[in-house]
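# Chains, contacts and geometry: an overview
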Amino acid sequence: MQNSSNQIQKFNKNQFKDWLLTSIPFSIWRCSNKKHIIEARNHIFKEIGEEYRHSRYKSRDQEMLLNFVNNLWVGFCCGCPIQISRNKNKYSKSGVYSKVHFTYERMDRIFWKLVRHGYMQYTIGYFTEEDARETRIWATEKLIRLFVDDFKFNVIGDIYTERTVNQIQLRNEIKKSRINKVTGKKRKVKFHKSVKIDDTDATLMMRKDLETYNNLAEENTVSVKIHGDDLITPKFLTDVFLTGLVSGAITLTDSALDYKNPKDHQFYNDDIDSSKEPVSSVFTHLPGLMITSLSYDQYKIPILSVPHHKEPHVVLDDIDSLLSPITHTLYSQQWQGFQKKLALFLYVLYIKKILSLMKMKGRNDKDRKKRRKKLMETERPLIDFGIRHLEFEINKKSLHRVFNRASLEFDKGGRFYGPLYQGISSQIRKYIQINGNDTVEVDYSGMHIRMLYHQQGQEYTADPYNIGKKSERAKYKLVSLISINAEKNEAPGAIKEILDGENIRYGSGSGCITKLMDNYRDYHDQIKDYLFSGAGVELQNTDSNIMNEILAELSSRGIVGLPIHDSIIVEKQHQELLETLMVEKYQKRMNGFAPVLKVA
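Residues numbered from 1 in each chain as written. Predicted model: local features only at pLDDT ≥ 70, side-chain atom pairs only at ≥ 80, totals over all residues. Heavy atoms only, no water.

### What to know about the overall build of the chain
- When you go through the chain residue by residue, the secondary structure sums to 18 helices and 27 strands.
- Split into buried and exposed, the 600 residues of the chain put 54% on the buried side.
- Of the contacts formed within the chain by residues at least 6 apart in sequence, a portion of 75% connects residues at least 24 apart. (Helix = DSSP H or I, 4+ residues; strand = E, 2+ residues; numbered from the N terminus. Buried < 20%, exposed > 50% of the residue type's maximum accessible area, 1.4 Å probe, protein only. Contact = heavy atoms within 4.5 Å.)

### A short note on helix α16 (residues 511-523)
- Its 13 residues place the ends of α16 18 Å apart at the C-alpha level, agreeing with the 18 Å of an ideal helix rising 1.5 Å per residue.
- Restricting attention to buried positions, one finds in α16 the residues Cys512, Ile513, Leu516, Met517, Tyr520 and Arg521. (Expected span 1.5 Å × (residues − 1).)

### Remarks on the packing of helix α3 (residues 58-77) against helix α4 (residues 104-116)
- Axis separation between α3 and α4 bottoms out at 10 Å; the angle between their running directions is 60°. It follows from the interaxial angle that α3 and α4 lie oblique. For the pair α3 and α4, the crossing hand works out as right-handed. Residues Arg60, Asp61, Met64, Leu65 and Phe68 of α3 touch α4, and the partners they reach there are Arg106, Met107, Arg109, Ile110, Phe111 and Leu114. (Axes fitted to C-alpha atoms, helices over the stretch in contact; angles between N-to-C directions. Parallel < 35°, antiparallel > 145°, perpendicular 65-115°, else oblique. Left-handed = near helix turned anticlockwise from the far one by under 90°.)

### A few points about the packing of aromatic side chains
- Per the counting criterion, the structure on display carries 23 aromatic pairs.
- Here the aromatic rings of phenylalanine 16 and tryptophan 19 are separated by 6.4 Å at their centres, their planes lie at 25°, and the arrangement is stacked. With a gap of 3 residues between them, phenylalanine 16 and tryptophan 19 both fall in helix α1 (residues 13-20), about one helical turn apart. Accessibility assignment for this pair places phenylalanine 16 and tryptophan 19 in one class, buried.
- Seen in terms of ring centroids, tryptophan 19 and tryptophan 138 are 5.2 Å apart; in terms of plane orientation they differ by 80°. Their pairing is edge-to-face. Highlighted residues: tryptophan 19 in helix α1 and tryptophan 138 in strand β8 (residues 135-139), separated in sequence by 119 residues. (Phe/Tyr/Trp six-rings, centres within 6.5 Å; stacked < 30°, edge-to-face > 60°.)

### Some remarks on the sheet that holds strand β2 (residues 24-25)
- Pairing within the open sheet is mixed, and its 4 strands lie in the order β2-β4-β8-β5. Of all strands in the sheet, those with a lone pairing partner are β2 and β5 (120-123), marking the two edges.
- Both β5 and β8 contribute to a ladder of 4 bridges, which runs antiparallel. Residue pairing in the sheet places glutamine 121 in a bridge with tryptophan 138 of β8.
- Of the strands in this sheet, β5 and β8 are in contact with α1, which crosses β8 at around 95°. (Pairing = 2+ DSSP bridges.)

### Some thoughts on the pattern of salt bridges
- Under the counting rule described, the total for this entry stands at 25 salt bridges.
- Across the salt bridge formed by glutamate 211 and arginine 163, the nearest N and O atoms sit 3.1 Å from each other. Taken together, the residues span a long stretch of sequence, with glutamate 211 in helix α6 (residues 201-219) and arginine 163 in the loop between β9 (160-161) and β10 (168-179) at a distance of 48 residues.
- Classification of glutamate 211 as partly exposed rests on a relative accessible area of 32%.
- Under the relative-accessibility criterion, arginine 163 is labelled partly exposed at 26%.
- A salt bridge links glutamate 549 to lysine 588; its shortest N-O distance comes to 3.6 Å. Of this pair, glutamate 549 sits in helix α17 (residues 536-556) while lysine 588 sits in helix α18 (residues 575-589), placing them 39 residues apart in sequence.
- Through salt bridges with shared partners, a single network forms among Asp61, Glu105, Arg106 and Arg109. (Salt bridge = Lys/Arg side-chain N within 4 Å of Asp/Glu carboxyl O.)

### Observations regarding empty space enclosed by the protein
- This structure, assessed with the given rule, holds 2 cavities of 30 Å³ or more.
- Lining the largest cavity are 14 residues, with Tyr213, Ala217, Leu399, Val560 and Gly561 positioned closest to its centre.
- Of all the secondary-structure elements, those providing two or more residues to the lining of the largest cavity are α6, α17 and β25 (562-563).
- Each residue belonging to the lining of the largest cavity can be placed in one class, and the counts come to 11 nonpolar, 2 polar and 1 charged.
- Lining the second largest cavity, in full, are Trp19, Leu72, Gly75, Phe76, Gly79, Cys80, Trp138, Ala139, Ile301, Pro302 and Ile303.
- Broken down by secondary-structure element, the contributors of at least two residues to the lining of the second largest cavity are α3, β8 and β16 (299-305).
- Taken together, the residues of the lining of the second largest cavity break down into 9 nonpolar, 2 polar and no charged. (1 Å grid on protein atoms, 1.4 Å probe; cavity = no way out; pocket = protein on both sides within 12 Å on 5 of 7 lines; lining within 4 Å. Points joined across faces, edges and corners; volume = space filled by probe spheres on them. Nonpolar A, V, L, I, M, F, W, Y, C, P; charged D, E, K, R; others polar.)

### Points about the confidence of the model for the chain
- Taken residue by residue, the chain gives an average pLDDT of 84. The fraction at 70 or more is 83%.
- Residue range residues 1-6 is modelled with pLDDT below 50. Its contacts to residues more than four positions away, or to other chains, number 18 contacts.
- Considering only residues more than four positions removed or in separate chains, one finds that residues 264-280, a stretch of pLDDT under 50, has 33 contacts. (pLDDT = per-residue confidence, 0-100.)

### Concerning the nonpolar core
- By size, the foremost hydrophobic cluster in this structure holds 155 residues, and its most contacted members are Ile44, Phe68, Phe236, Phe241, Phe345 and Leu390.
- If near-sequence neighbours (up to four positions away) are discounted, leucine 390 is found in contact with Val224, Lys225, Ile226, Phe236, Leu237, Phe241, Leu252, Asp254, Ser255, Leu344 and Leu382.
- One finds Trp19, Leu20, Leu294 and Tyr299 within the second-largest nonpolar core, a separate group that totals 9 residues. (Core = buried A, V, L, I, M, F, W, Y, C linked by side-chain atoms within 4.5 Å.)

### As for the environment of methionine 451
- Relative to the helices and strands, methionine 451 resides in helix α13 (residues 447-455).
- The exposure class of methionine 451 is buried, given its relative accessible area of 0%.
- Distance in space between the C-alpha atoms of methionine 451 and phenylalanine 593 is 9.0 Å, their sequence separation being 142 residues.
- Contacts of methionine 451, omitting those with residues within four sequence positions, involve Leu539, Thr542, Asp543, Tyr586 and Met590.

### Thoughts on the side chain of aspartate 443
- Residue placement: aspartate 443 occurs in strand β24 (residues 437-444).
- Under the relative-accessibility criterion, aspartate 443 is labelled buried at 15%.
- Apart from residues no more than four positions distant in its own chain, aspartate 443 is found in contact with Asp566, Ser567, Met582, Val596, Leu597 and Lys598.

### Observations regarding the side chain of serine 295
- Within the element layout of this structure, serine 295 appears in strand β15 (residues 290-296).
- You can call serine 295 buried: its relative accessible area is 9%.
- Within the local environment of serine 295, its side chain forms a polar contact with the side chain of lysine 10, the two groups lying 3.5 Å apart. (Polar contact = N/O pair within 3.5 Å; in protein donor to acceptor, adjacent residues only side chain to side chain.)

### Details of the packing of helix α2 (residues 35-47) against α3
- Packing of α2 against α3 leaves a shortest axis separation of 10 Å and a crossing angle of 115°. Classified by the angle their axes make, α2 and α3 are roughly perpendicular. As for how α2 packs across α3, the hand of that crossing is right-handed. Here Ile37, Ile38, Arg41, Asn42, Ile44 and Phe45 of α2 lie close against α3, whose contacting residues are Lys58, Asp61, Gln62, Glu63, Leu65, Leu66, Val69 and Asn70.
- In terms of residue class, the contact of α2 with α3 is made up of 7 nonpolar, 3 polar and 4 charged.

Shown next as structure tokens:
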């Protein structure tokens, strides 16, 4: 690989902030059993002095270090930092980072040794009145050189995503006062504290059910097949697809880039042979590839420099200003000779690099953040991004359940989480296939609002969001979401945040949000006592138990069901059965009242 000593580019402050926003979460389930990665871990373990510690838990220290190695490599390959929590509660037995070797003390020790020995940089997390951010970490060039030059890491195929062991999780939400060091103002900050669970007959039954669902999902294929005229977003390509490909959460099965001169790229029509081992290190095959060092203040960040025709220098304002410079790179002769997986990986990484480095118009950080979110979530046909078609299999399919408010009765929350398909938009979910067959997603329409009416013994079949003008429906749908889950004193801020995030106008002045809340309560006068009361966790518990019964019935028939909180995806041939079960299981718990179903 070429030396990058002359390849240092300067970040400005806003670019650095924007790059930090592209982070992906640290995962204890990113694993590897590759010999060269284990050898790299052992080399680092010795250099940072861990090998010489008198500890009978040395093997667990090595496992912790391997987690850091895997995550830092994924972050480098995806062109973004990794966010990791330094909240001790998340390292408890029932926490997010719940694994035998993953303790806070061990994490903290390895963290600082990697920093002191020049293998890792970081920005510490913070809380303000308007924002909260976990600590960001990323590999230094010293560590990347070790990965690339000495141990020949592979971009694709070295990391895989392991199934979550902690299938039943119980959390408690607590609030603590934090002082902004700049303004001196106090702010209440929410923390999710994990609660230890002792197994009972109920939890053992839930674990058994989850094991049944997860085993069935593993035995069947869940894939996504997107054609050139299908709509996608930049966020899907750079966040879901790219991260999934590098971390092993997905496996690419077919794709084609829309080269501007197809005659120069006949090699790219070769089929992918998934039975073969992944290609050797990407850097061995791409002689022009370099590591570009980006610097801001005391920070220096190594980024994979992707071959391209010309780096565009534009200020992003809309999706069109992004697409033309990006797809123009497909004229470049440097694409010749790339293998299929690597070509697509490098191209999507290039898109992410441009998005993370380009300047956004805006009056301030908040305005730029809003504009970036809008751009990242703008839908355009896949072909507009220079990709003719894209097909991949989802490997990350295992489910776990999360209960809330420290209730050992397990009657708060309990929804299913974990699979990659839950993290993609409803627009992309339309392209999911199970065992190569098209699917259908059936949704409980306005589920929680109807449940409140049905619990009071009242029928309700109307549109719960049809308040005011037709154009205001989307606005009141978001208000409804907050009305179910937030308490009264928290609701105004939550509504403002969600409306701002979706770029929905709601007027000016402090009374606008209050008026929206009042309008919504007036429209649903018969259940107003339950609105803005925090009743959502009880409703989630009911809907999760309904979902559990549906999944159990489907599994007993050998049918894979993919839960998305209040909807389920099945093969189209099972649509009629699914709808029957959704009505039957709902009526069983809701006084005989029938739900309203919607087919996506």
